[in-house]
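# An overview of the molecular structure
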Amino acid sequence: MNFQVTVLKILVSYPDGFAVMADLKRDMAILATSGREWAERTKRLAARVPDLDIFSHGLVERLNGGWRITDKGRTVLEIMEARSAAVPATEPPPIRVTSDSTLAATPAASPVATGRRKRNRKRCRRDLVAARARAKAS
């Protein structure tokens, strides 16, 4: 499981992108024990941004006892999740994030990829809400 990708995915699932540390740890524990699929998925996403560092690149900021995803963090996560409609069998080129708020090798988003992103984001949020409900119930 890639810690940094997991943090981005968890934070983006919260309405304002902010989670206190207790919620973040709980969600990470749920995802870490959810099976091999999550670990493989985060590994694939992390491979698209090999030099990912969520704090030094300004993707996540620490404040008020928790972490909040920035707009740049949301953009990088969307790019990581984007699939190229023109070349479905191959992975898009790796993305390089620099500390000066720029992204290199950013693939263009097609309307099909945008729709997939929205469905994927909704599914991820739905899964995290269900996991939180299960955690509260136990």
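Preceding block: the structure.
All of these numbers come straight from a predicted model, not from anything done at the bench. (Residues numbered from 1 in each chain as written. Predicted model: local features only at pLDDT ≥ 70, side-chain atom pairs only at ≥ 80, totals over all residues. Heavy atoms only, no water.)

## Description of the pattern of salt bridges
In total, this model carries 6 salt bridges according to the counting rule given. R132 serves as the salt-bridge partner of D27, at 3.3 Å between the closest nitrogen and oxygen. Of this pair, D27 sits in helix α2 (residues 21-32) while R132 sits in helix α5 (residues 111-137), placing them 105 residues apart in sequence. Its relative accessible area of 0% is what places D27 among the buried residues. We classify R132 as buried; its relative accessible area is 14%. (Salt bridge = Lys/Arg side-chain N within 4 Å of Asp/Glu carboxyl O. Helix = DSSP H or I, 4+ residues; strand = E, 2+ residues; numbered from the N terminus. Buried < 20%, exposed > 50% of the residue type's maximum accessible area, 1.4 Å probe, protein only.)

## A few points about the packing of helix α1 (residues 3-13) against α2
Where α1 meets α2, the axes come as close as 10 Å, and the angle between the chain directions of the two elements is 115°. α2 is crossed by α1, and the crossing has right-handed handedness. Only L24, D27, M28 and L31 of α2 make contact with α1, whose side of the interface consists of F3, T6, V7, I10 and L11. In the contact of α1 with α2, the residues fall into 7 nonpolar, 1 polar and 1 charged. (Axes fitted to C-alpha atoms, helices over the stretch in contact; angles between N-to-C directions. Left-handed = near helix turned anticlockwise from the far one by under 90°. Contact = heavy atoms within 4.5 Å. Nonpolar A, V, L, I, M, F, W, Y, C, P; charged D, E, K, R; others polar.)

## Remarks on unusual backbone geometry
Trans peptide bonds make up most of the peptide bonds, and negative phi angles are found at most residues other than glycine. Phi is positive for N64, close to 50°, though the residue is something other than glycine. Its location among the elements puts N64 in the loop between β2 (60-63) and β3 (66-69). Relative accessible area serves as the criterion here: at 71%, N64 is assigned to the exposed category.

## Things to note about α2
Three- or four-residue spacings in an α-helix give side chains the same orientation, since the helix completes a turn every 3.6 residues. Between its first and last C-alpha atoms α2 spans 16 Å; for 12 residues at 1.5 Å apiece the expected length is 16 Å, and the two agree. Restricting attention to buried positions, one finds in α2 the residues L24, D27, M28 and L31. Looking straight down α2, one finds its buried side chains confined to an arc of 100°; they lie on one side. Exposed residues on α2 whose side chains face more than 90 degrees from its buried face are A22 and K25. (Expected span 1.5 Å × (residues − 1). Arc of directions from axis to C-beta.)

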